[in-house]
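Listed below are the residues making up each chain.
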Protein chains: 2
Amino acid sequence: MTQITQARIGKITAEMEKAASLESVKPEFIRQGIAEGTIVIPANINHNQLQARAFGKGLTTKVNANFGTSEDYDQIEKELKKLKIAQNAGADAIMDLSTGSKIKLTRQKILAAAQLPVGTVPIYQAAVKTIESGRSIVEMTVDELFAVIEEQAVAGVDFITVHCGLTLETLRHLKAEGRVTDIVSRGGSFMAAWMLHNEQENPLYQYYERLLEICFKYDVTLSLGDGLRPGSLADATDRAQIHELLILAELVDQARAAEVQVMVEGPGHVPFDQIETNIKLQKELCKDAPFYVLGPLVTDIAPGYDHITAAIGGTLAAAAGADFLCYVTPAEHIGLPDLEDVKAGVIASKIAAHAADIAKGVPGAKARDREMAVARKNLDWEKQIELAIDPAKLKKSRAEHNQTLKETTACTMCGSYCAMKIVAAEL
Amino acid sequence: MTQITQARIGKITAEMEKAASLESVKPEFIRQGIAEGTIVIPANINHNQLQARAFGKGLTTKVNANFGTSEDYDQIEKELKKLKIAQNAGADAIMDLSTGSKIKLTRQKILAAAQLPVGTVPIYQAAVKTIESGRSIVEMTVDELFAVIEEQAVAGVDFITVHCGLTLETLRHLKAEGRVTDIVSRGGSFMAAWMLHNEQENPLYQYYERLLEICFKYDVTLSLGDGLRPGSLADATDRAQIHELLILAELVDQARAAEVQVMVEGPGHVPFDQIETNIKLQKELCKDAPFYVLGPLVTDIAPGYDHITAAIGGTLAAAAGADFLCYVTPAEHIGLPDLEDVKAGVIASKIAAHAADIAKGVPGAKARDREMAVARKNLDWEKQIELAIDPAKLKKSRAEHNQTLKETTACTMCGSYCAMKIVAAEL
């Protein structure tokens, strides 16, 4: 039985208990959200050491970190190090996007190491397998694709990104209106190339019930991918994107009816003034299904700083209702992220999630900020370090910036002209 | 004659011409804005090599970088290096906040080196002088304070931050309601300590006309400081802050009547959901005077990353109408920024300003993003580097992240599974 099946018959599972203990909500709140489809707990029945957590309406905004091997960086151990860094920095979920040579082994090791929910994009493995067998991606068979999905479900993957809403009609919109950056989703591009080449409907759409059966059996949460997410501001909120969203909305209904947990993915590159509209539209069309967004990035011109462009968009998105932010690292648009990039990406997304939780009134979100403010007022540096989002960084940076400081409570910004001290003496 | 005097008699000055040439607007648009008080051109008649630029309604959002010596980091040459870095990174104005031992000399060198408008906070020099004369800050005389202001005006300072709105009644609100972090503005703390100790009204408020006379004579633009800007989320949008804003709004009217250019400063630490309210309130109360904000920082818990917390708040603030963002560096709340901090701070603020300009529809703001999108689609890395907000960083990062890349057009994120290539082959 899936979490949704149990929620609907009124049962509070161990996963619901565990997820509730991580938030300021009761297990019953989570059970009800799962029953209604506004909350998901990605928890494959075969992912043994998972510490379950919940994503969705009324909960803290969660953060995902991506990694995985690629053909040019094919070292499993390095990816496991990134996993550790992401967990330590506060990620709530991870995705293994490997396209290197040992996808199955990489996933096994990641699942064994991860206490967080693990997601994948099964078509990556299906594509790599097809190419390894000497054929082109467009020659992949429908059965081969579903075999990979089943293999990953059996292995214990908690959520899968599947681009089920990218239909022939969606592609017609793409071609009719035109785009600057066409398709930038890797999975979306595989799917679209397959459909265009074979002149056939998307098998993930056509055989969606087959997908639902697999997900139901292992309680894999569907993450309905937006294969046509805009890859530039110029393409944001266009007809192709919105058409795909309409399809995804219908697929949400079907998943819920089949007692399969489901969330929906969203853009991408979006001008700041279009973000709220995107979120509200998704929430309305998809009947409050949890919304998982990449970024949104609010400008195209800042490669090297896209953890910042994404934190800006992510804060507004989450404040407007997005539930789950996929991190973006400083390496975005440049190359595969290294260890430092992973940390920078997780921290920037955590900042966005936290700022949004304060804005949308998540219970308890402001408490740590208040404690930090009190520690600042008291010039209590030990306490500030303890409360900081990255204690090690604050400790190191304070030491580096204050080598010439003549006394220990202030800092080199103001020295003895410290506002806190001057006012405290008179107030 | 000040820019405002000339604007009101219909004259387009050389500074208006120059400022218009940097934007997609006509000189007449700027002249009209200056006449109405919605635009300022900080341009002291004695700042000879200034390349004037305009700040305010209908123009691109501008970015300020602060620096200056402190008692613990008292090296003029280092501050001049920071000036160069800030200019190269795209700052539109700089402020010299020196409190080190050679304030006058530092300012002279900065004014000589800066083609950007230069601002100061005169009470810093007045405070340092008082302390150097063996007295406490609270023993500074009113004449001493005004002597420093006049000295700085004569020297060529283009805009000055003066905390004129911090009155005894404002302090009564502060004490009555209570705060977590009291006063965090350094200038505000000097002023408040002086007022509380001497039980006298703020001389910058009481003798505001004397200030206006000096500013009129040299065309120094007033930047009315918010001495009670909140220093933590807990203190945001409280009665003391809003009372001070009410006073500042009245002082805007008086400055405009005296033909003195004026802008208003704003917070600070503000929850994301209160930012738009803060901006709209200032714009309404102050009759569209240009608004110069510090941050706003959307959380207190991220020291080491406050360039990001400020970029998040700054984007929303500027999109809602703020005209001028004061940068915040990664060293905020830690110590005096070093060279790298200055660059990181300017770039983060420039990203916020640009994202906001796109959101508020500043003419031409989207063009560079579109060019970047086209370059990405074409996998044209040279063009991407040219268009990037930090070309050197992109060039270096691309080299570092792609050492194992097997071919030259893609990147290690996807290698031969590049969405751009796969779709281009089929579409």
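Per-chain numbering applies: the sequence of each chain, read as written, is numbered from 1 onward. Here the convention is simple: chains get letters from A, ligands get numbers from 1, in the order in which they are written. Confidence filtering applies because this is a predicted model: local features only for residues at pLDDT of at least 70, side-chain atom pairs given and counted only at 80 or more, and all residues used for totals across whole chains, interfaces and linings. The side-chain figures draw on all heavy atoms in the structure; neither hydrogens nor water molecules are used.

(A) A look at the interface of chain B and chain A. Whether two residues touch is decided by their heavy atoms; if any such pair falls within 4.5 Å, the residues are in contact. In this assembly, 105 residues from chain B lie in contact with 104 residues from chain A. Here chain B meets chain A over a buried area of about 8800 Å², counting both sides, of which 67% is carbon and sulfur. Each reported salt bridge corresponds to a side-chain nitrogen of Lys or Arg within 4 Å of a carboxyl oxygen of Asp or Glu. Scanning the region where chain B abuts chain A turns up two salt bridges. Put simply, A:D182 and B:K377 hold a salt bridge, and the shortest N to O gap is 2.8 Å. Pairing of N or O atoms within 3.5 Å defines a polar contact, subject to two protein rules: one partner must be a possible hydrogen donor and the other a possible acceptor, and residues neighboring in sequence count only if both atoms are side-chain atoms. At the junction of chain B and chain A, the tally comes to 16 residue pairs in polar contact (both at pLDDT 80 or more). Examining the composition of the side of chain B that touches chain A, we find that 10 residues originate from one element, helix α15 (residues 339–359) of chain B, more than from any other. Simply put, the buried area is the total loss of 1.4 Å probe accessible area from both parts when two parts are fitted together. Numbering of helices and strands runs from the N terminus; a helix is a DSSP stretch of H or I covering at least four residues, while a strand is a stretch of E covering at least two.

(B) Representation of the domain arrangement of chain A in the model. Residue and element names in this part refer to chain A. Each domain's limits were defined by an automated method or a database of domain assignments. According to the domain assignment, chain A contains domain 1 (41–360) and domain 2 (366–426). The junction of domain 1 with domain 2 conceals about 460 Å² of combined surface from both sides, 68% of it contributed by carbon and sulfur atoms. Per-residue buried area on domain 1 facing domain 2 is highest for I347, H354 and I358; these three make up 66% of the total on that side. Linking domain 1 with domain 2 are one salt bridge. Among the salt bridges present, the one from D390 reaches K343, with a minimum N-O distance of 3.0 Å. Counting the contacts that link domain 1 with domain 2 gives two residue pairs in polar contact (both at pLDDT 80 or more).

(C) Summary view of the UniProt feature "binding site: [4Fe-4S] cluster" (unreviewed entry) in chain A. In the UniProt entry, the feature "binding site: [4Fe-4S] cluster" (unreviewed entry) is given for A:C411, A:C414 and A:C418. Relative to the elements of secondary structure, A:C411 occurs in the loop between α18 (391–401) and α19 (419–426). When neighbours within four sequence positions are excluded, A:C411 is seen to be in contact with A:W381, A:R398, A:N402, A:L405, B:I334 and B:G335. Counting through the fold element by element, A:C418 comes out in the loop between α18 and α19. The classification of residues rests on relative accessible area computed with a 1.4 Å probe and restricted to protein chains. Under 20% of the type maximum is buried, over 50% is exposed, and intermediate values are partly exposed. For A:C418, a relative accessible area of 10% corresponds to the buried category. UniProt positions are given in the numbering used here, feature names are shortened, and annotations may be inferred rather than shown by experiment.

(D) Representation of the sheet that holds strand β5 (residues 118–120) of chain B. Residue and element names in this part refer to chain B. Strands sit in the order β3-β4-β5-β6-β7-β8-β9-β10 around a closed barrel of eight strands; the barrel is parallel. Between one strand and the next, the sheet's axes are offset by a mean angle of 25 degrees, whatever the strand orientation. At least two DSSP bridges between two strands are required for those strands to pair. Note: strand β8 (residues 262–266) against strand β9 (residues 291–294), three bridges, orientation parallel. Directly across from G266, in β9, lies its bridge partner V293. To obtain each axis, a line is fitted to C-alpha atoms, and for helices this fit is confined to the stretch in contact; angles are then taken between N-to-C directions over 0 to 180 degrees. The strands touched by α15 within the sheet are β3 (62–67) and β10 (324–326), with β3 carrying the most contacts at an inclination of about 160 degrees.

(E) Main features of the UniProt feature "binding site: Zn(2+)" (unreviewed entry) in chain A. Per the UniProt entry, the sites bearing "binding site: Zn(2+)" (unreviewed entry) are A:H269 and A:H333 in this numbering. Spanning 65 residues, the named residues form one tight spatial group whose C-alpha atoms are at most 12.0 Å apart. Inspection of the secondary structure puts A:H269 in the loop between β8 (262–266) and α13 (272–285). Here A:H333 shows up in the loop between β10 (324–326) and α15 (339–359). Ignoring anything within four residues of it in the chain, the contact list for A:H333 reads A:H269, A:L297, A:D306, B:R376, B:W381 and B:Q384. Of the polar contacts made by the side chain of A:H333, one reaches the side chain of A:D306; its length is 2.8 Å.

(F) Examining the pairing of strand β6 (residues 159–162) of chain A more closely. All names here are of chain A. Along β6, one buried face is formed by F159 and T161 and the opposite face, lined by I160 and V162, is buried too. Pairing analysis gives two bridges linking strand β5 (residues 118–120) to β6, with the strands arranged parallel. Bridge pairing links G119 to F159 in β6. Looking at chain direction, β6 and strand β7 (residues 221–224) are connected through four bridges and run parallel. Across the sheet, residue V162 finds its bridge partner in β7, namely L224.

(G) Molecular detail of the relation of the copies chain B and chain A. By a simple turn and slide, chain B fits onto chain A: the slide is 0.0 Å along the axis, the RMSD is 0.0 Å, and the turn is 180 degrees. Here the copies are linked by what is in effect a two-fold axis. Within chain B, the C-alpha atom positioned nearest to the axis of rotation is that of B:I312, 2.2 Å from it. Interface overlap between copies is the fraction of interface residues in one copy that are interface residues in the other; for chain B against chain A it reaches 99%, indicating a shared surface. When the copies are superposed, the least-squares fit draws on C-alpha atoms of residues that have pLDDT of at least 70 in both.

(H) View of the packing of aromatic side chains. Here a Phe, Tyr or Trp ring, Trp counted by its six-membered ring, pairs with any other such ring whose centre lies within 6.5 Å, and the pair is stacked when the planes are under 30 degrees apart, edge-to-face when over 60, and tilted otherwise. Under the criterion given, the structure shown has 12 aromatic pairs over all chains. Taking 6.0 Å as the distance between ring centres and 70 degrees as the angle between the ring planes, the aromatic pair formed by A:Y417 and B:F190 counts as edge-to-face. Taken together, the residues A:Y417 in the loop between α18 and α19 and B:F190 in helix α9 (residues 186–198) connect one chain to another. Through pairs of rings, three or more aromatic residues link up here, namely A:F55, A:F159, A:Y292 and A:F324. By definition here, charges over rings are those cases where NZ of Lys or CZ of Arg is within 6 Å of the ring centre and within 35 degrees of the ring normal. Over the ring of B:Y305 we find A:K393; its NZ or CZ atom is 4.8 Å from the centre of that ring. Here the guanidinium or amino end of B:K62 rests over the ring plane of B:F55, the centre of that ring lying 5.9 Å away.

(I) Structural context of unusual backbone geometry. A cis amide bond, omega 10 degrees, links B:P267 with the succeeding residue B:G268. Tracing the backbone through its elements, the reader meets B:G268 in the loop between β8 and α13 (272–285). At the junction of B:G295 and B:P296, the peptide bond is cis and its omega measures out at -10 degrees in the coordinates. Structurally, B:P296 is set in the loop between β9 and α14 (306–319). With phi around 40 degrees, A:D182 is a residue other than glycine that occupies positive phi space. Structurally, the position occupied by A:D182 is in the loop between α8 (168–177) and α9 (186–198).

(J) View of the side chain of A:H163. Residues and elements named next belong to chain A. Counting through the fold element by element, H163 comes out in the loop between β6 and α8. Classification of H163 by relative accessible area gives buried; the value is 5%. Separated by 3.4 Å, the side chains of H163 and S185 make a polar contact. Filtering out sequence-adjacent residues up to four positions away, H163 remains in contact with V121, S185, G187, G188, M191, N202, L204, G225, D226 and G227.

(K) Molecular detail of helix α11 (residues 208–218) of chain B. Residues and elements named next belong to chain B. When we look at burial in α11, the residues that qualify are Y208, L211, L212, I214, C215 and Y218. Relative to the axis of α11, the buried residues are bounded by an arc of 165 degrees and lie together on one face. Relative to its buried face, α11 has exposed residues pointing more than 90 degrees away, namely E209, E213 and K217. Turning to α11, the residues buried within the fold contact α7 (142–155), β6 (159–162), α10 (203–206), β7 (221–224) and α12 (239–257). Note that the arc is computed from the directions linking the helix axis to the C-beta atoms.

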